[in-house]
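A structural walkthrough
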Amino acid sequence: AHSRESTKIVIVGGGGTMGSSTALHLIRSGYTPSNITVLDVYPIPSLQSAGYDLNKIMSIRLRNGPDLQLSLEALDMWKNDPLFKPFFHNVGMLDCSSSQEGIASLRRKHQDLIDANIGLEKTNIWLESEDDILAKAPHFTREQIKGWKGLFCGDGGWLAAAKAINAIGTFLKSRGVKFGFGSAGTFKRPLFAPDGATCSGVETLDGTKYFADKVVLAAGAWSSTLVDLDDQCVSKAWVFAHIQLTPQESAQYKDVPVVYDGDYGFFFEPNEHGVIKVCDEFPGFSRFKLHQPYGATSPKLISVPRSHAKHPTDTYPDSSEETIRKAIARFMPRFKDKELFNRSMCWCTDTADANLLICEHPKWKNFILATGDSGHSFKVLPNIGKHVVELIEGRLPQDLAGAWRWRPGGDALKSKRSAPAKDLADMPGWKHDAKL
Ligand code: FSA
């Protein structure tokens, strides 16, 4: 066995959320920076990572076994770790609904938080009346919130996502981590030792061979296009658009909590330039194609992401324009006629049970997967890499290893969402230039 100082590691997709966190924790655990190689199609923070974004939600969500531990670890680091602290905007997160089922599900969520039995009721507060909601969100009118009930997460708010990954990148560079980008960062295939079963590195598109003791595949929505994951991950796109506020408008929305309504979508306070990101909520869009990832014996149907960074003129479906406008009308009716811009797609990858997929490949020794974000993993940027390092060192705690194991079967197209993803090919209005 190698020591931490001498072990060589290559991280594929190291410019995104899970990969950059892994590189950070390797260094914090005493690995030698020049033995760590970060590969990505784009320089860190990778333009095609889902984490390359103005903002992402921070809140305590309990869907799966590991969620409580992961959320609490992340919260502590966003609040206290000097590297991450500047990027946490602890303005609160208001989960609300006006539909019967929506309210019932929020009540269950609240109860689950109480049942965790660690005092979460102190920061997660049920908002029963209009007055309760207006006290937390004075930018709403009483008229607008008729019939709403809500759950306020005082530990929540938003994370300046791309900036946080960039801060990790700056740290990695300052310590002497090695990088490969463009064709020198684009995964082609794993390399194997003469036994044919022990991974010994990675070859990239330009033909470079990076030899390593361990390879970590943290390529997010691209993971299932690079190696055969046996249909465990289905990659899906979510959409968003920006609106521009005037300085006066912007001032009225400064420090407002993130507002989320599962029937509509969510929005964040404006950034320093008065830009608000608005998202709708829906089960995602797939993009199935015949494709042969490494390890598959023949082409198979895989949902293949289309990088918005590489194809900036791609549009999104007409229905997305409608639902984003609907979310604006719901949350900020006064802005309903504002021009939308930066319409974009953000690719995540769902597993059937919405748990991560963090495990060694069952047939390729030393080839480690760190993927399966299921749309809820940006907030674990500070801490997820710690667990990838535990896995690399063979000491990932049993409960996490169990939840994150290699586990074919189940329905990742639906995952735990309200419906299976619809395919982009069936969505009118989605235009992309085939030549690009
Ligand atoms: O509370 C959260 O962690 C919100 S995740 C944000 C989101 O856009 C989802 O709303 C969407 O359904 C998908 O999972 C991608 O992430």
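Everything that follows concerns the structure shown earlier in this document.
Right, let's walk through the structure included here. None of these values were measured; they are calculated from a predicted model. (Residues numbered from 1 in each chain as written. Predicted model: local features only at pLDDT ≥ 70, side-chain atom pairs only at ≥ 80, totals over all residues. Heavy atoms only, no water.)

**Quick look at the side chain of Gln 232**
Using the following cut-off: Note on conventions: DSSP H or I runs of at least 4 residues are helices, E runs of at least 2 residues are strands, and numbering of each starts at the N terminus. Throughout this description, a polar contact denotes any pair of N or O atoms lying within 3.5 Å of each other; where both atoms belong to protein, one of them has to be capable of donating a hydrogen while the other can accept it, and for residues adjacent in sequence the pair is counted only when both atoms sit in side chains. Residue contacts are defined here by distance: any two heavy atoms, one from each residue, within 4.5 Å place the two residues in contact.
Relative to the helices and strands, Gln 232 resides in the loop between α6 (223-226) and β14 (234-244). At a separation of 2.9 Å, a polar atom in the side chain of Gln 232 contacts the main-chain carbonyl oxygen of Leu 229. At 2.5 Å, the side chain of Gln 232 and the backbone nitrogen of Arg 407 are in polar contact. Excluding its chain neighbours within four sequence positions, the residues that come into contact with Gln 232 are Asp 350, Thr 351, Ala 352, Leu 357, Arg 405, Trp 406, Arg 407, Pro 408 and Ala 412.

**Some remarks on the state of the cysteines**
Rule in force here: Any two cysteine sulfur atoms within 2.5 Å of one another count as a disulfide. Think of it in three bands: residues with accessible area under 20% of the maximum for their type are buried, residues over 50% are exposed, and the middle band is partly exposed, with areas taken using a 1.4 Å probe on protein chains only.
Tallied over the entire structure, the rule returns zero disulfides. The thiol of Cys 346 is not disulfide-bonded; the next cysteine sulfur, from Cys 348, is found 4.6 Å away. A relative accessible area of 12% places Cys 346 in the buried class. Of all cysteine sulfurs in the structure, the one in Cys 233 sits closest to Cys 359, which takes part in no disulfide; the separation is 9.3 Å.

**Quick look at the layout of surface pockets**
We count it as follows: Using a grid of 1 Å spacing that covers the protein atoms alone, one calls a set of points a cavity when a 1.4 Å probe fits there but cannot get out, and a pocket when the set is open and has protein on both sides within 12 Å along at least five of seven lines; lining residues are those with an atom within 4 Å of a point. Grid points are joined across faces, edges and corners, and a volume is the space filled by probe spheres set on the points.
Taken as a whole, the second largest pocket spans an internal volume of roughly 610 Å³. Along the wall of the second largest pocket there are 28 residues; nearest its centre are Tyr 52, Asp 53, Leu 54, Ala 162 and Phe 240. Elements represented by at least two residues in the lining of the second largest pocket include exactly α5 (161-175), β14 and β21 (341-350).

**Considerations on the site of the ligand**
To be explicit about the condition: Definition of nearness: a residue and a molecule or strand are near each other if at least one heavy atom of the residue lies within 4 Å of the molecule or strand. Residue exposure ignores everything except the shown protein chains as possible cover, and the areas themselves are Shrake-Rupley values with a 1.4 Å probe. Gly is put with the polar residues, along with every residue not named as nonpolar or charged; the nonpolar set is Ala, Val, Leu, Ile, Met, Phe, Trp, Tyr, Cys and Pro, and the charged set is Asp, Glu, Lys and Arg.
The local shell around the ligand consists of Ile 57, Arg 61, Trp 238, Phe 266, Glu 281, Gly 375, His 376 and Arg 417. One nitrogen or oxygen atom from the side chain of Glu 281 is found 2.5 Å from an oxygen atom belonging to the ligand. One of the side-chain nitrogen or oxygen atoms of Arg 417 is found 2.9 Å away from an oxygen atom of the ligand. Computed on the free molecule, the ligand has an accessible area of 390 Å², of which 88% lies beneath the protein chains in the complex. For the shell around the ligand, the per-class residue count stands at three nonpolar, two polar and three charged.

**With respect to the nonpolar core**
As a reminder of what qualifies: Only buried residues count toward a nonpolar core, which is a set of Ala, Val, Leu, Ile, Met, Phe, Trp, Tyr and Cys residues joined through side-chain atoms within 4.5 Å.
Judged by nonpolar contacts, the single largest core of 66 residues is most densely connected at Trp 78, Val 216 and Trp 404. In terms of residue count, the dominant contributor to this core is α5 (six residues). Apart from residues lying up to four places away in sequence, Val 216 is in contact with Ile 9, Val 10, Ile 11, Val 12, Ile 368, Ala 370, Val 388 and Ile 392. Within the second largest apolar cluster, 60 residues are counted, among which are Ala 221, Trp 222, Phe 335 and Cys 348.

**Observations regarding the packing of aromatic side chains**
Two descriptors summarise a pair of aromatic rings, namely the distance from one centre to the other and the angle between the planes of the rings. We count it as follows: The aromatic pairing rule takes the rings of Phe, Tyr and Trp, using the six-membered ring of Trp, and pairs them if the centres are within 6.5 Å, calling planes under 30 degrees apart stacked, those over 60 edge-to-face and the rest tilted. Consider the ring centre and the ring normal. A charge sits over the ring if Lys NZ or Arg CZ is within 6 Å of that centre and within 35 degrees of that normal.
Scanning the model with the defined rule gives 14 aromatic pairs in all. Their ring planes at 35° and their centres at 6.2 Å tell us that Trp 78 and Phe 378 sit as a pair that is tilted. Of this pair, Trp 78 sits in helix α2 (residues 67-80) while Phe 378 sits in the loop between β23 (367-371) and α9 (384-392), and the two are 300 residues apart along the sequence. In this structure, Trp 78 and Phe 378 share a single accessibility class: buried. With 5.5 Å between their ring centres and 45° between their planes, Tyr 253 and Phe 335 make a pair best called tilted. On the criterion of sequence distance, the pair formed by Tyr 253 in the loop between α7 (247-252) and β15 (258-261) and Phe 335 in the loop between α8 (318-331) and β21 is long-range, its members being 82 residues apart. Summarising the burial analysis for this pair, Tyr 253 and Phe 335 share the class buried. Taken together, the aromatic side chains of Phe 192, Tyr 294, Trp 364 and Phe 367 make up a single cluster linked through ring pairs. One residue, Lys 277, lies across the ring of Phe 240, its end atom 5.4 Å from the ring centre. The side chain of Arg 330 reaches across the aromatic face of Tyr 264, ending 4.9 Å from its centre.

**Concerning the packing of helix α1 (residues 17-28) against α9**
Cut-off, in case you're wondering: Here an angle of 0 to 180 degrees is reported between the N-to-C directions of two axes, which are lines fitted to C-alpha atoms, with helices fitted over the stretch in contact. In what follows, roughly perpendicular refers to angles from 65 to 115 degrees, roughly parallel to angles under 35, roughly antiparallel to angles over 145, and oblique to any angle outside these ranges. Note on convention: the crossing is left-handed when the near helix lies turned anticlockwise from the far helix by less than a right angle, right-handed when the turn is clockwise.
At a minimum axis distance of 7 Å, the contact between α1 and α9 shows a crossing angle of 65°. By the angle between their axes, α1 is roughly perpendicular relative to α9. For the element pair α1 and α9, the recorded crossing hand is right-handed. Of α9, the residues touching α1 (which contributes Met 18, Ser 21, Thr 22, His 25 and Leu 26) are Ile 384, Gly 385, Lys 386, Val 388, Val 389 and Ile 392. Looking at the contact of α1 with α9 residue by residue, the class counts come to six nonpolar, four polar and one charged.

**Regarding the side chain of Arg 407**
Relative to the helices and strands, Arg 407 is located in the loop between α10 (398-403) and β24 (422-423). Of the polar contacts made by the side chain of Arg 407, one reaches the backbone oxygen of Leu 356; its length is 3.1 Å. In this structure the side chain of Arg 407 is engaged in a polar contact, spanning 3.3 Å, whose partner is the backbone oxygen of Ala 403.

**Side note on the pairing of strand β11 (residues 199-204)**
Here is the rule: Strands pair, by our definition, only if DSSP identifies at least two bridges between them.
Burial analysis of β11 places six of its six residues in the buried class, the great majority of the element. Looking at chain direction, strand β10 (residues 187-192) and β11 are connected through five bridges and run antiparallel. Within β11, the residue paired with Arg 189 across the bridge is Glu 203. Between β10 and the antiparallel strand that follows it, β11, lie six residues; Gly 196 among them carries a positive phi value of about 75°. Sheet topology note: the β11/strand β12 (residues 209-211) ladder contains three bridges and is antiparallel. Within β12, the position partnered with Glu 203 by the bridge is Lys 209. Hairpin connection from β11 to β12: four residues lie between these consecutive antiparallel strands, with Gly 207 at a positive phi of about 95°.

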